[in-house]
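# Notes for the structure review
Chain residues, written in single-letter form:
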Amino acid sequence: SQQGEEDPQALSIQEGENATMNCSYKTSINNLQWYRQNSGRGLVHLILIRSNEREKHSGRLRVTLDTSKKSSSLLITASRAADTASYFCATASSSGGSYIPTFGRGTSLIVHP
Amino acid sequence: DTGVSQNPRHKITKRGQNVTFRCDPISEHNRLYWYRQTLGQGPEFLTYFQNEAQLEKSRLLSDRFSAERPKGSFSTLEIQRTEQGDSAMYLCASSLAGQTNTEAFFGQGTRLTVV
């Protein structure tokens, strides 16, 4: 079963617009990571946000985490055609002694030039 | 290149054949994960190692699948008697154990096609 679920499943925007993707999860976590995947390629790590953090920035990326709502969002500002990819959130918990990032189904983002 | 390396990148095999994939993690990382990803889905956990110990296996990992990490460095994933349903991207990731908030970095994956 998949812990995180991204929303929307697909997003289509014009270059220069902002893109917001959401991730909801079910159980308590230690951290949440966002990844990007270009078609047929491996996953590229974007940002890790810890459970005691509420917001984190990296370049044009802004990630928020609301542990009370068990949700996170990824905002890409001033999008570019090169941002076209699938975006995944992965949650990890150390409960039970394991620490296994668990992924959702992803959001497919298309940025039109 | 000091990232996670996977070989081969692509593998086409006939149903019933055995295949083996290799993963070389980031050198100082002692946790290594295998995932499987099919089209339109997120990566699904298969198994993970801490050093040479295989600590957890998913129920997805049938008896035909076996993974090893003999010296706590590289890992291999073998699929015996492949089936068409095994066609997928197999992804390897590594991270640093001992800390709960470290990033897991992925390789480029091995795409398996069973014909």
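Just so you know, the residues in each chain are numbered from 1, in the order the chain's sequence is written. As a convention, the first chain written is A and the first ligand written is 1, with the rest following in written order. Local features in this predicted model are restricted to residues whose pLDDT is 70 or higher, and side-chain atom pairs enter the listing and the counts only when it is 80 or higher, whereas totals over whole chains, interfaces and linings include all residues. The side-chain quantities take in all heavy atoms of the structure and omit both hydrogens and water.

On to the overall build of chain B. Counting from the N terminus, the helices are the DSSP runs of H or I reaching at least four residues and the strands are the DSSP runs of E reaching at least two. Counting secondary structure elements, chain B contains 0 helices and 11 strands. Start at the N end of chain B and walk to the C end: the helices and strands fall as β-β-β-β-β-β-β-β-β-β-β. Rg of the C-alpha trace for chain B: 13 Å, near the compact-globule value of 13 Å for 115 residues, within the 12% margin. Across its three principal axes, chain B shows a C-alpha extent of roughly 40 × 25 × 25 Å. Accessibility here uses a 1.4 Å probe with only protein chains present; expressed as a share of the type maximum, an area under 20% marks a residue as buried, one over 50% as exposed, and anything in between as partly exposed. When each of the 115 residues of chain B is scored for burial, the buried share is 46%. All accessible-area figures derive from a Shrake-Rupley calculation using a 1.4 Å probe, and residue coverage is judged against the displayed protein chains alone. Surface exposure of chain B reaches about 5,900 Å², of which carbon and sulfur atoms provide 44%. Two residue types count as positive, namely Lys and Arg, and two as negative, namely Asp and Glu; His and chain ends fall outside the count. The atoms used to mark charge sites are NZ of Lys, CZ of Arg, CG of Asp and CD of Glu. With 14 positive and 12 negative side-chain charges, chain B shows a separation of 7 Å between the mean positions of the two kinds. As a reference, a globule follows 2.2 Å times the number of residues to the power 0.38, and the radius of gyration itself is taken over C-alpha atoms.

Under the pairing criterion, centres of Phe, Tyr and Trp rings, with the six-membered ring standing for Trp, must be within 6.5 Å; the plane angle then separates stacked pairs below 30 degrees from edge-to-face pairs above 60, leaving the rest tilted. Taken as a whole and assessed by the stated rule, the structure comprises 12 aromatic pairs over all chains. Their ring planes at 80 degrees and their centres at 6.5 Å tell us that Phe88 of chain A and Phe103 of chain A sit as a pair that is edge-to-face. Of this pair, Phe88 of chain A sits in strand S9 (residues 85-92) while Phe103 of chain A is found in strand S10 (residues 102-103), placing the two residues 15 residues apart along the sequence. Given a relative accessible area of 1%, Phe103 of chain A falls into the buried group. Here the aromatic rings of Phe103 of chain A and Phe106 of chain B are separated by 5.7 Å at their centres, their planes lie at 80 degrees, and the arrangement is edge-to-face. In this pair, Phe103 of chain A is assigned in strand S10 and Phe106 of chain B in strand S10 (residues 105-106), connecting two distinct chains. According to the relative accessible area criterion, Phe106 of chain B is buried, its value standing at 9%. By way of ring pairs, the aromatic residues Tyr35, Phe88 and Phe103 of chain A together with Tyr33, Tyr35, Phe45, Tyr48 and Phe106 of chain B are connected into one cluster. Working rule: Lys NZ or Arg CZ, within 6 Å of ring centre, within 35 degrees of ring normal, means a charge sits over the ring. Above the plane of the ring of Phe74 of chain B lies Arg22 of chain B, whose end atom (NZ or CZ) is 3.9 Å from the centre.

Our focus in this paragraph is the side chain of Gln37 of chain B. Checked against the element boundaries, Gln37 of chain B lands in strand S4 (residues 31-37). Accessibility expressed as a relative area gives 8% for Gln37 of chain B, which makes it buried. Under this definition, polar contacts are N or O atom pairs within 3.5 Å; protein pairs additionally need one hydrogen-donor-capable and one acceptor-capable atom, and for neighbouring residues in sequence, both atoms have to be side-chain atoms. A distance of 2.9 Å separates the side chain of Gln37 of chain B from the backbone oxygen of Gln41 of chain B, its partner in a polar contact. By the convention used here, residues are in contact when the closest approach between their heavy atoms is within 4.5 Å. Discounting residues that sit within four places of it in the chain, Gln37 of chain B has contacts with Gln37, Leu43 and Phe88 of chain A together with Gly42, Pro43, Ala88, Met89 and Leu91 of chain B.

Turning next to the sheet that holds strand S8 (residues 71-76) of chain A. Residues and elements named next belong to chain A. Across the sheet, which stays open at both edges, the 5 strands sit in the order S1-S3-S8-S7-S6 with antiparallel pairing between neighbours. The sheet is open, and its two edges are formed by strand S1 (5-7) and strand S6 (55-58), each paired on a single side. Sheet twist, expressed as the mean angle between neighbouring strand axes with direction ignored, is 20 degrees. Of the strand pairs in this sheet, strand S3 (residues 19-24) and S8 are connected by 6 bridges, and their pairing is antiparallel. Of the residues in S8, the one forming a bridge with Asn22 is Ser73. Here, strands pair whenever DSSP counts at least two bridges between them. For every element, the axis is a line fit to its C-alpha atoms; helices are fit only across the contacting stretch, and the angle between N-to-C directions ranges from 0 to 180 degrees.

Remember that the coordinates give geometry; whether it matters functionally is a separate question.
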